[in-house]
Amino acid sequence: MFHWLEKHPFFFAVGVFVTIAFAGLVEILPNFAEASRPVIGTAPYSTLELAGRHVYIENSCNACHSQLIRPFKSETDRYGHYSLSGEYAYDRPFLWGSKRTGPDLMRVGNYRTTDWHENHMKDPAGVVPGSVMPAYRWMFTKNADINTAYAEQLTVAQFFSVPYNKPVPMKDGSTKVVKMGGSIAEANALALEEAKAIAANMKDQDVKDAVARGEIPQIVALIAYLNSLK
Amino acid sequence: MENRPLEYDYTVAKMFMLTTVLLGIVGMLIGVILAFQLAFPELNLVLGEGLAEYTNFSRLRPLHTDAVIFGFTLSGIFATWYYVGQRVLKVSMAESGLLMFLGKLHFWLYLAVVVAVVVSLFTGVTTSKEYAEFEWPIDIAVVVVWVVFGLSIFGLIGIRREKSLYISVWYYIATFLGIAMLYLFNNMEIPTMLAASPAGETGIGAWYHSVSMYAGTNDALVQWWYGHNAVAFGFTVPIVAMIYYFLPKESGQAIYSYKLSLLSFWGLMFVYLWAGGHHLIYSTVPDWMQTMGSIFSVILILPSWGSAINMLLTMKGEWQQVASSPLIKFMVLGSTFYMFSTLEGPIQAIKSVNAIAHFTDWIVGHVHDGVLGWVGFMIMAALYHMAPRVFKREIYSKSLMATQFWIQTLGVVLYFSSMWISGITQGMMWRAHDEFGNLAYSFIDTVTVLHPYYTIRGVGGLLYLVGFLMFAYNIYKTMSARPVEESELQSASPMGA
């Protein structure tokens, strides 16, 4: 059979393809629908949080920070409850990372504050002596891209039925509505409102001034995102 | 015409040899910079505060991985295909105007994609998925390049004189099909410019932005099914294709066993795809998939070692060549690193080992003993073998090759040994508890302790880069400094006796 295949490239290629495609079908198909169902307490990202997530991706934060807490005592002691599949239901793409040059950030919103992030992003080694993390000072002057975040919200709401402007159940039995603007202007206004709350807890005068002018520096969006990780 | 050997046309092979060398230098140089940035963080500002955004570790990291995988390695795969393909199929590219056109088109489109990728990653336009960072416009261009590559392969096969496909061709076909399938499915994404707001606005935000079709755990599953097997079909399958051709050619020995090559090929094809799950052990993907990933990773030793043993036994009775020929040294050590790396991987895929190894530098070390020791050595050996035949000149310096070999071997050893120590140290410190059951170390303790190993790793990487520059110089001198021979060198390997 093999000798025959080696003389017939088309059938050889078909044979190879079937052999390699098999595993993917068996591994990927069965649990696909189940694995992406949100758990109670998981809400979609707001416009500003999503813009911050884009800043996180733009700078490959995931190259050094994981967002996946494994079910070991040493990890739950350090980072909090281990990760559940449904908590990632609104993560497109997933940001688990594959290397912890720095600590896990899955629940960083539970134990770090706006103020801490502000100082740390400016000068990591000044906050954590011995840190090898580079500074991200340009995030204080470069503005976040709110329009793209809004376009992504619209896309996921339309194609994947992500529940914006709809009540989602929270752990304490209440519900939460994550708002999405009806137009670009409205989306920007919503993001700015959220940005003002973050900037109020920041010290950098340039950032405060920018937000007062109606601009949203990247750092504000990033902190909104990091604070949402719980 | 009857009794003359075929004249092969190496125009396209030469083009891809050039990018193999250039992108190799770029990828490895960025790697060395990254390595030293971890040891000495001030280097993040190497070009000053104004350019910090572009010289920063996190921006450069995807450039390093992609330059080595899709620059250096992929160019090497293309270069060897346009050399090996003609020879084992006994047909010259010059015989078909169409194939020649496709080959050149392949090269120029590839180069255009490389430029687009460099610009996009420097500016932070990325999807964040490892080795699949490109946004949808580049993804489409990649697919076009790949289709042209496929047409080149099957076109040449279509007009072949030798009816039986040599082992190397099996592996090139598998490379084409495997990457095609993986890349398409992992990059399923929806451009956000398609969305319309309730107010009727369209084309909102960045036109190149997209959102993944898969969410969370599913996205991770598809990504590592891709990520692991991009390694399979980029770093293993085509490199095996190379060694099956170049080792017998260079040593003058026939492949040890045809049956072993059959077993290894079909075994590798079947088993490799299952092993992707070992990247997701203790994550939120279903437990049975993690276990499958773990088990199949261990089974994977069989076909991997099958190929490697087949190579080493091909040298049976001819081991003196390892001493006399630097080119054989590269290939034999390459096979050895392949065995080493394909044993180390399965060990790391065992659940209890993975609990320590995952997220640490040990994984980084594992990747590099494979890529530096196996992929890098084999591609350089292939180019060294091709250069005299393609340029019709003798290799410029054999002693430079030997020096390069030892410098790079030392570099690889420093690299992986420092990363083992670093990875296991950090893995153990993360999980250490004191007598009261509290964590023994804060996270930063587990970072500062790694400084000496990061420095050693940087030195190892630098040595490898120095060796690679010697390789580039040797090839350049071969191209330019020696007189052109009258006809193609037929038999004698440049290294023989």
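The residue numbering used here restarts from 1 in each chain and proceeds along that chain's sequence as written. Lettering of chains starts at A and numbering of ligands starts at 1, both following the order in which they are written. With the structure being a predicted model, the display of local features is reserved for residues of pLDDT at least 70 and the display and counting of side-chain atom pairs for 80 or more, all residues being used for whole-chain, interface and lining totals.

Caption draft 1: Representation of the overall build of chain B. If you tally the helices and strands in chain B, you get 17 helices and two strands. Taken over the C-alpha trace, chain B has a radius of gyration of 23 Å; the compact-globule value for 497 residues is 23 Å, and the two agree within 12%. With the principal axes as the frame, chain B shows a C-alpha extent of 80 × 60 × 50 Å. Exposure classes come from backbone-placed C-beta atoms, where a residue is buried if 20 or more other C-beta atoms lie within 10 Å of its own, exposed if 12 or fewer do, and partly exposed in between. Looking at chain B as a whole, 56% of its 497 residues are labelled buried. Contact definition: two residues whose C-beta atoms, as placed from backbone geometry, lie within 7 Å. Intrachain contacts of chain B at a sequence separation of at least 6 include 81% that bridge at least 24 residues. Counting from the N terminus, the helices are DSSP H or I runs at least four residues long and the strands are E runs at least two residues long. Atoms counted for the radius of gyration: C-alpha only. Globule rule: 2.2 Å times residue count to the power 0.38.

Caption draft 2: Up close: the overall build of chain A. Counting secondary structure elements, chain A contains eleven helices and two strands. Secondary structure elements of chain A occur, N-terminal to C-terminal, as α-α-α-α-α-α-α-α-β-β-α-α-α. Counting only C-alpha atoms and orienting by the principal axes, one finds that chain A spans roughly 75 × 45 × 35 Å. The buried share among the 230 residues of chain A stands at 47%. For chain A, long-range pairs separated by at least 24 residues make up 72% of all intrachain contacts whose partners lie at least 6 apart in sequence.

Caption draft 3: Summary view of the interface of chain A and chain B. With 73 residues of chain A at the interface, the matching set in chain B holds 77 residues. For the side of chain A that touches chain B, the secondary structure elements donating two or more residues are helix 1 (2-7), helix 2 (9-28), helix 3 (32-35), helix 4 (47-58), helix 5 (73-79) and helix 8 (146-160) of chain A. The dominant element in the side of chain A that touches chain B, judged by the number of residues it contributes, is helix 2 of chain A, at twelve residues. Only Asp, Glu, Lys and Arg are considered charged in this grouping, and only Ala, Val, Leu, Ile, Met, Phe, Trp, Tyr, Cys and Pro are considered nonpolar; every other residue, Gly among them, is considered polar. Residues of the side of chain A that touches chain B, tallied by class, amount to 39 nonpolar, 20 polar and 14 charged.

Caption draft 4: The arrangement of the packing of helix 5 (residues 136-158) of chain B against helix 6 (residues 167-186) of chain B in detail. Residue and element names in this part refer to chain B. To get an axis, fit a line to the C-alpha atoms, keeping to the stretch in contact for a helix; angles then go from 0 to 180 degrees between the N-to-C directions. In the contact formed by helix 5 and helix 6, the axes pass within 11 Å of each other and the chain directions differ by 155°. One way to sum up the angle between helix 5 and helix 6 is to call them roughly antiparallel. Two packed elements cross with a definite hand, and for helix 5 against helix 6 that hand is left-handed. Residues Val 142, Trp 146, Phe 149, Gly 150 and Ile 153 of helix 5 form the contact with helix 6, whose own contacting residues are Tyr 172, Ile 173, Phe 176, Ile 179, Ala 180 and Tyr 183. Residues that form the contact of helix 5 with helix 6 fall into these classes: ten nonpolar, one polar and no charged. Angles are sorted into four bins: roughly parallel if under 35 degrees, roughly antiparallel if over 145, roughly perpendicular if 65 to 115, and oblique for all others. In this scheme, a crossing is called left-handed if the near helix is turned counterclockwise away from the far one by less than a right angle; it is called right-handed if the turn is clockwise.

Caption draft 5: Representation of the nonpolar core. The biggest cluster of nonpolar side chains holds 211 residues, and the ones touching the most others in it are Val 220 of chain A together with Ile 173 and Met 378 of chain B. An automatic or database domain assignment provides the domain bounds reported here. Taken domain by domain, this core gets at least three of its residues from each of domain 1 (2-30) and domain 2 (47-228) of chain A. Setting aside chain neighbours within four positions, we find Met 378 of chain B in contact with Ile 239, Met 242, Ile 243, Met 331 and Gly 334 of chain B. A set of buried residues drawn from Ala, Val, Leu, Ile, Met, Phe, Trp, Tyr and Cys, joined through C-beta atoms within 7 Å, is what defines a nonpolar core.

Caption draft 6: Structural detail: the domain arrangement of chain A. Domains assigned within chain A are domain 1 (2-30) and domain 2 (47-228). Taking only C-alpha atoms, the centre of domain 1 of chain A and the centre of domain 2 of chain A are 43 Å apart.

Caption draft 7: Structural context of helix 7 (residues 216-251) of chain B. Residues and elements named next belong to chain B. Taking 1.5 Å per residue as the helical rise, helix 7 with its 36 residues ought to reach 52 Å, and the 50 Å between its terminal C-alpha atoms agrees with that figure. Along helix 7, the sharpest change in direction is near 25° and occurs at Phe 233. The buried fraction of helix 7 is high, at 33 of 36 residues. One or two steps after helix 7, the chain reaches Gly 252, where phi turns positive at roughly 75°. One fewer than the residue count of a helix, multiplied by 1.5 Å, yields its expected span. One axis is fitted to the seven residues ending at the residue and one to the seven starting there. The bend at that residue is the angle between these axes.

Caption draft 8: Region of the structure containing the confidence of the model for chain B. Along the chain, pLDDT gives the predictor's confidence residue by residue, from 0 to 100. Overall, the predicted model of chain B reaches an average pLDDT of 93, with 96% of residues at or above 70. For this predicted complex, the interface score ipTM comes out at 0.94, alongside a pTM of 0.95.

Caption draft 9: Molecular detail of unusual backbone geometry. A cis amide bond links Arg 92 of chain A to the next residue, Pro 93 of chain A, at an omega of -5°. A positive phi is found at Tyr 282 of chain B, a non-glycine position, where the angle reads about 65°. By the element assignment, Tyr 282 of chain B lies in the loop between helix 8 (258-272) and helix 9 (287-299). Even without a glycine there, the phi angle at Phe 359 of chain B is positive, about 75°.

Caption draft 10: A look at the environment of Thr 455 of chain B. Positionally, Thr 455 of chain B belongs in helix 17 (residues 451-480). Taking the C-alpha atoms as reference, Thr 455 of chain B lies 8.3 Å from Leu 38 of chain B; in sequence the two are 417 residues apart.

Caption draft 11: Examining helix 14 (residues 361-391) of chain B more closely. Residues and elements named next belong to chain B. In the structure, helix 14 departs most strongly from a straight axis at Val 371, where the bend amounts to approximately 30°. Among the 31 residues that make up helix 14, 28 are buried, leaving the element largely enclosed by the rest of the structure. Count one or two residues on from helix 14 and you reach Lys 392, which has phi positive near 55°.

Caption draft 12: Fine view of the packing of helix 14 of chain B against helix 15 (residues 398-431) of chain B. Residue and element names in this part refer to chain B. The interhelical angle for the contact between helix 14 and helix 15, taken along N-to-C directions, is 165°, at an axis separation of 7 Å. Judged on the interaxial angle alone, helix 15 and helix 14 are roughly antiparallel. For helix 14 against helix 15, the interelement crossing comes out left-handed. Touching Asp 361, Trp 362, Ile 363, Val 364, Gly 365, His 368, Asp 369, Leu 372, Gly 373 and Tyr 384 of helix 14 are Met 401, Val 412, Tyr 415, Phe 416, Met 419, Trp 420, Ser 422, Gly 423, Ile 424 and Gln 426, all from helix 15. Partitioned by chemical class, the residues of the contact of helix 14 with helix 15 number twelve nonpolar, six polar and two charged.

Caption draft 13: Structural view of the environment of Leu 383 of chain B. All names here are of chain B. On the secondary structure map, Leu 383 appears in helix 14. For Leu 383, a count of 27 C-beta atoms within 10 Å puts it in the buried group. As a C-alpha pair, Leu 383 and Met 17 span 366 residues in sequence and 7.2 Å in three-dimensional space. Residues within four places of Leu 383 in sequence aside, it is in contact with Met 17, Thr 20 and Ile 475.

Caption draft 14: Spatial organisation of the environment of Ile 33 of chain B. All names here are of chain B. Here Ile 33 shows up in helix 1 (residues 11-39). Each C-alpha atom of the pair Ile 33 and Asn 44 lies 8.9 Å from the other, and the pair is eleven residues apart in sequence. With sequence-adjacent residues up to four places away left out, Ile 33 is seen in contact with Leu 43 and Leu 60.

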